[in-house]
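These are the residues of each chain, in order.
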Amino acid sequence: MEIREYELPNAETRPRRIAITSDDVLWYSDYARGYLGRFDPATGQAREWPSPGGPSRNHTGFTRFGCLWYSEAGVKPIRLVRFDPKTETFQTWASLLAEASCAT
C-alpha cells in the first residue's frame, strides 16, 4: 500500500463531497469556493468549473447517473444541479422541497 499526495489547481480548494465514476475519475465539490472539480489519478490532472450558485453554496448529496448531480443548499430556493461532463454544461432546477412546509 502506498499513499500519494496530489496538489489541486487552487491552494484554497476544500473538497467536501466526492464521487468516483466508472473510469476511476474523482469528482469533488469545493465547499470553500463553490466549484465542481474533476481529478484523474491516472494522469494527475485536475480541472474545475464554477458552480452555478457561486462561492460557498453548501454543495450536498453528490451522485452520478450518466451526469453528475448535486444540490446547492446555500441559495434560495435550494437548487438541484446537473453537470454533463461531455458538454461541460450545467443545468439547474429549483428544488420542490425548498417551498415545502411542515405545518401541522
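Residues numbered from 1 in each chain as written. Predicted model: local features only at pLDDT ≥ 70, side-chain atom pairs only at ≥ 80, totals over all residues. Heavy atoms only, no water.

A. Representation of the packing of aromatic side chains within the structure. Counted under the stated rule, the structure contains six aromatic pairs. A ring pair is formed by W49 and F83, whose centres lie 4.9 Å apart and whose planes are at 50 degrees; its orientation type is tilted. Here F83 lies in strand β7 (residues 79-84) and W49 lies in strand β4 (residues 45-50), a separation of 34 residues in the sequence. Residue W49 shares its accessibility class with F83, and that shared class is buried. Seen from their ring centres, F83 and F90 are 4.7 Å apart, and the 50 degrees between their planes marks the pair as tilted. A connected cluster of aromatic rings, assembled from ring pairs, spans W27, W49, F83 and F90. One Lys or Arg, R16, reaches over the ring of Y31 and ends 4.2 Å from the middle of that ring. The ring of Y35 carries R33 above its face, with NZ or CZ at 4.2 Å from the centroid. (Phe/Tyr/Trp six-rings, centres within 6.5 Å; stacked < 30°, edge-to-face > 60°. Helix = DSSP H or I, 4+ residues; strand = E, 2+ residues; numbered from the N terminus. Buried < 20%, exposed > 50% of the residue type's maximum accessible area, 1.4 Å probe, protein only. Lys NZ or Arg CZ within 6 Å of the ring centre and 35° of its normal.)

B. Representation of the pairing of β7. The sheet contact formed by strand β6 (residues 67-72) and β7 spans five bridges and is antiparallel. In the strand pairing of β7, E72 is matched with R79. Between the antiparallel neighbours β6 and β7 lie six residues. Two strands pair when backbone bridges link them, and β7 and strand β8 (residues 89-94) are joined in this way by six bridges, in the antiparallel orientation. In the sheet register, R79 faces β8, and the bridge partner there is A94. In sequence, β7 turns back onto β8 through a hairpin of four residues, with E88 there showing a positive phi of about 55 degrees. (Pairing = 2+ DSSP bridges.)

C. Local environment of the pattern of salt bridges. Here the structure, examined in full by the defined rule, presents four salt bridges. With a closest N to O distance of 3.1 Å, E72 and R79 form a salt bridge. The class for R79 is partly exposed, based on a relative accessible area of 22%. Through salt bridges with shared partners, one network takes in D30, R33 and E48. (Salt bridge = Lys/Arg side-chain N within 4 Å of Asp/Glu carboxyl O.)

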